Amino acid sequence: MRRTLTVLATLALATPLHAAEGERIRVTGELIDTWCYFSGVMGGTDAVVGTAHHTCALWCSAGGIPVGLRAEDGTVYMVLKIEGSAESAGGDTQLNLASHVIEADGIAYARDGLNYLVVEKVVTDQGITNENHLDYGNVPEFSVPEEAR
Amino acid sequence: MIRPALVALLLALPAVQVSAQDFSAGSEAKSWNLYAEKPARFEAKVVDVLCELTGDCPADCGGGARQLGLVRAADGVLVFPTKNNEPAFSGAVVELLPFCGAEVEVDGLLIEDPDIGATNVYQVQLIRKPGETDWVKANRWTKVWAETHPDAAGPGPWFRRDPRVNAKIAETGYFGLGLEKDREILKELYP
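If you're wondering where the values come from, they're calculated on a predicted model, not measured in any experiment.

Quick notes on the rules
Residues numbered from 1 in each chain as written. Chains lettered and ligands numbered in written order. Predicted model: local features only at pLDDT ≥ 70, side-chain atom pairs only at ≥ 80, totals over all residues. Heavy atoms only, no water. Helix = DSSP H or I, 4+ residues; strand = E, 2+ residues; numbered from the N terminus. Buried < 20%, exposed > 50% of the residue type's maximum accessible area, 1.4 Å probe, protein only. Contact = heavy atoms within 4.5 Å. Areas by Shrake-Rupley, 256 points an atom, 1.4 Å probe, with all protein chains shown as cover. Salt bridge = Lys/Arg side-chain N within 4 Å of Asp/Glu carboxyl O. Pairing = 2+ DSSP bridges. Polar contact = N/O pair within 3.5 Å; in protein donor to acceptor, adjacent residues only side chain to side chain. Nonpolar A, V, L, I, M, F, W, Y, C, P; charged D, E, K, R; others polar. Disulfide = S-S within 2.5 Å.

Attention now moves to the overall build of chain B. A tally of helices and strands in chain B yields 7 helices and 6 strands. Going through the 191 residues of chain B one by one, you find that 46% of them count as buried. Contacts in chain B between residues far apart in sequence, at least 24 positions, make up 55% of those at least 6 positions apart. Counting every atom, chain B has about 9,300 Å² of accessible surface; 55% of that belongs to carbon and sulfur.

Shown next as structure tokens:
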């Protein structure tokens with residue numbers, strides 16, 4: 001019993017209720033619109049990224065919806081800051097990087113099942129490389145107005 | 001002697017399962033027919049997410065520039081409101097900013113789809129201070145956008161008139177690959 005108590009005491013001390021220990025990482029991924037991605041409101045996750053969803057990603061970023069970085073392993077990090085700009089709700093930096101694949105160096109945090117990222121440096125900006133428009137068209141379809149078609 | 005201590009320790013352990021609680025009781029949230037939505041009404045403190053995680057804390061929660069979160073009173077879970085209640089590509093910061101640092105009661109939809117990493121993601125529909133009877137609808141964003149963009153007034157939704165968005169589309173096209181490539185894509189998609 002005493003050993004169990006010791007183990008539990010160790011666990012309780014080692015795992016604070018609101019743990020947010022940052023970890024330096026370097027990660028490559030696409031900057032995405034997290035609402036459309038997580039909610040499925042416009043279809044599956046492969047359709048709401050890349051060129052197919054670029055205009056909508058601009059709309060959502062300008063509208064203050066949080067931008068995420070979808071890493072190559074599928075992990076999504078909610079991006080809270082990019083190179084000194086903490087304007088994560090509609091800021092220019094995030095808007096200008098919509099749909100871009102970047103290599104980011106920064107501090108990752110995890111809390112209550114979500115991952116977060118403070119990007120200290122955009123190591124490389126590969127631009128928009130996920131060309132999925134032939135698979136999905138433009139998502140949503142009205143993202144290209146009729147007069148432009 | 002040992003047993004009360006054991007119970008106390010168990011209570012002190014992180015309530016990993018608590019985040020899976022059902023918060024639907026009393027919710028009046030309207031469905032958006034989303035795959036993983038669950039109605040959820042709960043009390044929470046409005047926080048600046050960057051501050052909450054890193055200790056970088058401006059006095060005004062960032063004045064609308066930063067993402068805001070909800071630290072749920074029942075379990076301390078940080079819920080991330082990513083969407084307001086307008087079907088208009090708009091986030092939740094404008095709605096929650098007036099309540100920066102305050103306790104609120106919110107009603108909306110929790111998105112729980114662990115297969116794609118979505119947990120404790122929230123669409124906020126209604127906000128009020130605890131004990132108040134009247135709700136504030138989380139649909140102020142478009143009005144605030146119009147007030148801050150008087151030069152963009154006109155017909156059609158905001159996202160067709162937003163100067164920054166339109167400048168980006170004018171520069172790199174609807175698909176972001178440049179105007180020449182954009183014309184090629186449009187010919188392929190709409191022959």
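The structure having been displayed, the exposition proceeds.
Time to look at the pattern of salt bridges. Under the counting rule described, the total for this entry stands at 16 salt bridges over all chains. In this structure, Arg70 of chain A engages Asp46 of chain A in a salt bridge whose closest nitrogen and oxygen atoms are separated by 3.8 Å. In this pair, Arg70 of chain A is assigned in strand S2 (residues 67–71) and Asp46 of chain A in the loop between helix H2 (34–39) and helix H3 (54–62), connecting sequence segments 24 residues apart. Residues Arg128 of chain B and Glu105 of chain B are paired through a salt bridge, measuring 2.9 Å at the closest nitrogen-oxygen approach. In this pair, Arg128 of chain B is assigned in strand S5 (residues 118–128) and Glu105 of chain B in strand S4 (residues 103–113), connecting sequence segments 23 residues apart. For the residue pair Arg128 of chain B and Glu105 of chain B, the accessibility class agrees, reading buried in each case. If you follow the salt bridges from partner to partner, you end up with Arg24, Arg26, Glu103, Asp105 and Glu120 of chain A in one network.

A separate point is the pairing of strand S2 (residues 68–72) of chain B. Residues and elements named next belong to chain B. In terms of burial, S2 is a largely internal element, 5 of the 5 residues being buried. Across 5 bridges, strand S1 (residues 37–48) lies against S2 in antiparallel orientation. The residue bridging Val46 from the neighbouring strand is Leu70, located in S2. The sheet contact formed by S2 and strand S3 (residues 78–83) spans 2 bridges and is antiparallel. Across the sheet, residue Val71 finds its bridge partner in S3, namely Leu78. Turn length for the S2-S3 hairpin, with the two strands adjacent in sequence and antiparallel, is 5 residues, and the turn residue Gly76 shows positive phi of about 75°.

A few words on the side chain of His133 of chain A. Residue placement: His133 of chain A occurs in helix H5 (residues 133–136). Side chain to side chain, His133 of chain A and Thr51 of chain A meet in a polar contact 2.8 Å long. When neighbours within four sequence positions are excluded, His133 of chain A is seen to be in contact with Thr51 and Ala52 of chain A together with Phe175, Leu177, Ile185 and Leu189 of chain B.

Before going further, it helps to examine the interface of chain B and chain A. Residue-level contacts link 61 residues of chain B with 64 residues of chain A. Here chain B is connected to chain A by 3 salt bridges. Taken together, the connections running from chain B to chain A amount to 16 residue pairs in polar contact (both at pLDDT 80 or more). Of the residues assigned to the side of chain B that touches chain A, the class counts are 37 nonpolar, 14 polar and 10 charged.

Looking now at the pairing of strand S4 (residues 101–111) of chain A. Residues and elements named next belong to chain A. With 9 of 11 residues buried, S4 is to be regarded as a mostly interior element. Relative to strand S5 (residues 114–125), S4 is paired through 10 bridges, and the arrangement is antiparallel. Across the sheet, residue Asp105 finds its bridge partner in S5, namely Lys121. Taking the residues that link successive antiparallel strands as the turn, the S4-S5 hairpin has 2 residues, and the phi of Asp112 there is positive, at about 50°.

Residues and elements named next belong to chain B. Counted under the stated rule, the structure contains 2 disulfides over all chains. The partner cysteine of Cys51 in its disulfide is Cys57, sulfur to sulfur 2.1 Å. On the S-S bond that ties Cys51 to Cys57, the torsion sits near 85°, and the link is right-handed. On the accessibility criterion, Cys51 (21% relative accessible area) is partly exposed. Look at Cys57 and you get partly exposed, because its relative accessible area is 42%. Counting only the cysteines that take part in disulfides, in the order they occur along chain B, gives the pairing 1-2, 3-4.

For the rest of this paragraph, the subject is the side chain of Ser99 of chain A. Residues and elements named next belong to chain A. Mapped onto the secondary structure, Ser99 falls in the loop between helix H4 (92–96) and S4. According to the relative accessible area criterion, Ser99 is buried, its value standing at 2%. Among the polar contacts made by the side chain of Ser99, one reaches the side chain of His54 at a distance of 2.9 Å. Discounting chain neighbours no more than four positions away, the residues touching Ser99 are Glu30, Leu31, Gly50, His54, Ala57, Gly127 and Ile128.

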